Amino acid sequence: MLRYLNAGESHGKNLTAILEGLPAGLRLSSAFIDRELKRRQCGYGRGGRMAIESDHVDVTSGLRGGFTLGSPLTMVVNNRDWENWQGVMGADGPLKGINTKVLTKPRPGHADLAGGLKYGHRDLRNILERSSARETATRVAVGAAARRLLEEFGINVYSWVETLGGVSWKAPKTLNPEQLFEKAERSAVRCPGCTATDKMKKRIDEAKAAGDSLGGVYRVAVTGVPPGLGSHVQWDRKLDGRLAGAITSIQAMKGVEIGVGFTAGFVPGSQVHDEIFYRKSEKAVPPYFWPAKHPYYRKTNNAGGIEGGMSNGETILLRAVMKPIPTLYKPLRSVDILTGKAIKAGVERSDTCALPAATVVAEATVAFTIACAFLEKFGGDSISELKRNVTSYIRQTLKY
Ligand code: EPS
C-alpha cells in the first residue's frame, strides 16, 4: 500500500511529507524531485512569494545511494520566507514587539471562515497557513517519486492548460499528449498554443491591474497504463472516483471530467461509447511495458481510458477546472469575526493566477493515485519483484 501524510504551514519553518510503500530498489534522486518542484514554481501570474522561494527537497530517510530502501521516504522542503516570519509563526509564541499579523476578515472563497468556525480560532491565520497552496510543494515531491515509479513501467503523466481567464485554446487532433506537454513546457502559462499564451498573459496583466484573480481549465493525460487498475467490485476502489477525488482535493479545484465528461449527458449512447476492435498486438518491450498497439483497442477514447472503474488499456484523459484564487487585491465584502461589522475582506500577498502551477500539482496528484492503483494490482516489495509480476500479467493479457 502506498500512502503519505504531509505537514507544514505556508510561513512555517518547512514542509514535510512521509511517503510509505514505495518498493525497494527504485532509482530516485533529490535532483529528479527538485526538477518537479521547480516546474511547480514557474508560471506567469505568480506573486512575490515565488521570488523568495527556491524549493529544494532534503530527503532524510528511505533513500540510499540513489535507490529507495523500501522504508518510509521522508522529504523536507524548507520555507525561505520563514526567516521573515519566525517571529509570527514560531512554535513557542510570537516574539515580543512583533506584529502578529492577526487575520479577522475572512476572504470569500477561502477556507478562512469555515475553518475558523470549525476549529474555534479567532485568528484566521491559524487556518490560512495550512490551507495555503504552499502545501502542494510536498504533494509534488510525493508525486515525483510516484512518477519515477511509473516511468519505470512506461507510464507517463502529462498536462496542459486549455483555458485561462476565459481565453481558450483547442488542441489540434494531430498532436498526442506528449507533444502537447512538450509545447506546454515552453509556455509561460503551460498552454501549447503560442498566440493563446500571449492572450492569456495579457489577461493576467489586466486582472492584476484590476486587483482581480483568474482560474481556468486544464487537461491531464496518462499514457501507457495497462488495463485493470482500480476495480468495479467496490465503490472506493473505482479508479475514476479516486482520480476525481484526488484532483478535487487540490486547493481551488471545482470540477473534473473523465474523457468526454459532461458532453456524455447531451448525446445518445451510440455517440459516446467506444467500439471495441481486435488486432494482433505488439510484443511488450520491455516485457513490463503495456504496448501502444494492444489487442482490444478503440478508435475513439470518449471514456477517457476508464470503464467500470478500471483502466481499459487506453490513455487516461482528465479535464479539470480551477476557480480564481480567493485573495483579491480589490477585496470583496465580508464581515469582521470579532465585531460582526461589515468590512472588506482581508488582503494577503497572493498570486493573480496559479493555474500553470496547479497543472503540475495535478500531474503529481494523478501520478500518486495511479501509482497506488498500480501497486495494489501488482504488489511487490522490490522493483524486481514488481517487474516480474507486471510481466506475467502483461503476457497473459496479450495472449487473450
Ligand atoms: C497562497 C498565497 C501565496 C502563494 C502561495 C499560496 O503565498 P504568500 O502568502 O506567502 O505570498 O504564493 O503559494 C506558495 C507559497 C507556493 O509555494 O505555491 C495561498 O494563500 O494559498
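Residues numbered from 1 in each chain as written. Predicted model: local features only at pLDDT ≥ 70, side-chain atom pairs only at ≥ 80, totals over all residues. Heavy atoms only, no water.

K.L.:
Mind showing me how you'd approach the pattern of salt bridges here?
P.N.:
Should their charged atoms come close, side chains of opposite charge can pair. Here the structure, examined in full by the defined rule, presents 29 salt bridges. Between Glu162 and Arg319 there is a salt bridge, with its nearest N and O atoms 2.8 Å apart. Highlighted residues: Glu162 in strand β7 (residues 156-164) and Arg319 in strand β15 (residues 316-322), separated in sequence by 157 residues. On the basis of relative accessible area, Glu162 is assigned to the buried category, the value being 12%. A residue is classified by how much of its surface remains accessible, and Arg319, at 25% relative accessible area, is partly exposed. (Salt bridge = Lys/Arg side-chain N within 4 Å of Asp/Glu carboxyl O. Helix = DSSP H or I, 4+ residues; strand = E, 2+ residues; numbered from the N terminus. Buried < 20%, exposed > 50% of the residue type's maximum accessible area, 1.4 Å probe, protein only.)

K.L.:
Would you explain the packing of helix α6 (residues 136-151) against helix α10 (residues 355-378) in this entry?
P.N.:
For any two helices packed against each other, the geometry comes down to the angle between their axes and how far apart the axes lie. The N-to-C vectors of α6 and α10 enclose an angle of 50°; their axes lie 7 Å apart at closest approach. With respect to α10, the element α6 is oriented oblique. The interaxial crossing formed by α6 with α10 has left-handed handedness. Facing Thr136, Arg139, Val140, Val142, Gly143, Ala146, Arg147, Leu149 and Leu150 of α6, the residues of α10 in contact are Val360, Val361, Glu363, Ala364, Thr365, Ala367, Phe368, Ile370, Ala371, Phe374 and Leu375. Looking at the contact of α6 with α10, its residues break down into 14 nonpolar, 3 polar and 3 charged. (Axes fitted to C-alpha atoms, helices over the stretch in contact; angles between N-to-C directions. Parallel < 35°, antiparallel > 145°, perpendicular 65-115°, else oblique. Left-handed = near helix turned anticlockwise from the far one by under 90°. Contact = heavy atoms within 4.5 Å. Nonpolar A, V, L, I, M, F, W, Y, C, P; charged D, E, K, R; others polar.)

K.L.:
Looking at this structure, I do not really get the site of the ligand. What am I missing?
P.N.:
Close contacts around the ligand come from His11, Arg40, Arg46, Arg49, Met50, His110, Ser132, Ala133, Arg134, Arg349 and Asp351, and that covers them all. Between the ligand and Arg46, the relevant distance is 3.1 Å, taken from an oxygen atom to a side-chain nitrogen or oxygen of the residue. Arg134 places a side-chain nitrogen or oxygen 2.8 Å from an oxygen atom of the ligand. Relative to its free-state accessible area of 470 Å², the ligand is covered by the protein chains to the extent of 92%. (Near = heavy atom within 4 Å. Polar contact = N/O pair within 3.5 Å; in protein donor to acceptor, adjacent residues only side chain to side chain. Areas by Shrake-Rupley, 256 points an atom, 1.4 Å probe, with all protein chains shown as cover.)

K.L.:
Looking at this structure, I do not really get the sheet that holds β15. What am I missing?
P.N.:
Working definition: the strands of a sheet are paired by backbone hydrogen bonds and lie parallel or antiparallel to each other. Ordered by their spatial adjacency, 5 strands build an open sheet running β8-β7-β9-β15-β10, and the pairing between neighbours is antiparallel. Each edge of the open sheet carries a strand with a single partner, namely β8 (167-168) and β10 (253-258). As paired elements, strand β9 (residues 216-223) and β15 share 7 bridges and run antiparallel to each other. Looking at β15, one finds that Ala221 is bridged to Leu317. Relative to β10, helix α9 (residues 239-248) is tilted by about 155°, and along the sheet it contacts β9, β10 and β15. (Pairing = 2+ DSSP bridges.)

K.L.:
What is the right way to read the packing of aromatic side chains from this model?
P.N.:
Each pair of aromatic rings is reported with the distance of its centres and the angle of its planes. According to the stated counting rule, one finds 9 aromatic pairs in the structure shown. Both rings, one in Tyr4 and one in Phe368, keep their centres 4.9 Å apart while their planes meet at 90°; by these two values the pair is edge-to-face. Taken as a pair, Tyr4 in strand β1 (residues 3-7) and Phe368 in helix α10 lie far apart in primary sequence, 364 residues in all. Take Tyr4: its relative accessible area is 26%, and that puts it in the partly exposed class. What makes Phe368 buried here is its relative accessible area of 15%. Geometrically, the ring pair formed by Tyr158 and Phe181 is tilted, given 5.2 Å between the ring centres and 55° between the ring planes. (Phe/Tyr/Trp six-rings, centres within 6.5 Å; stacked < 30°, edge-to-face > 60°.)

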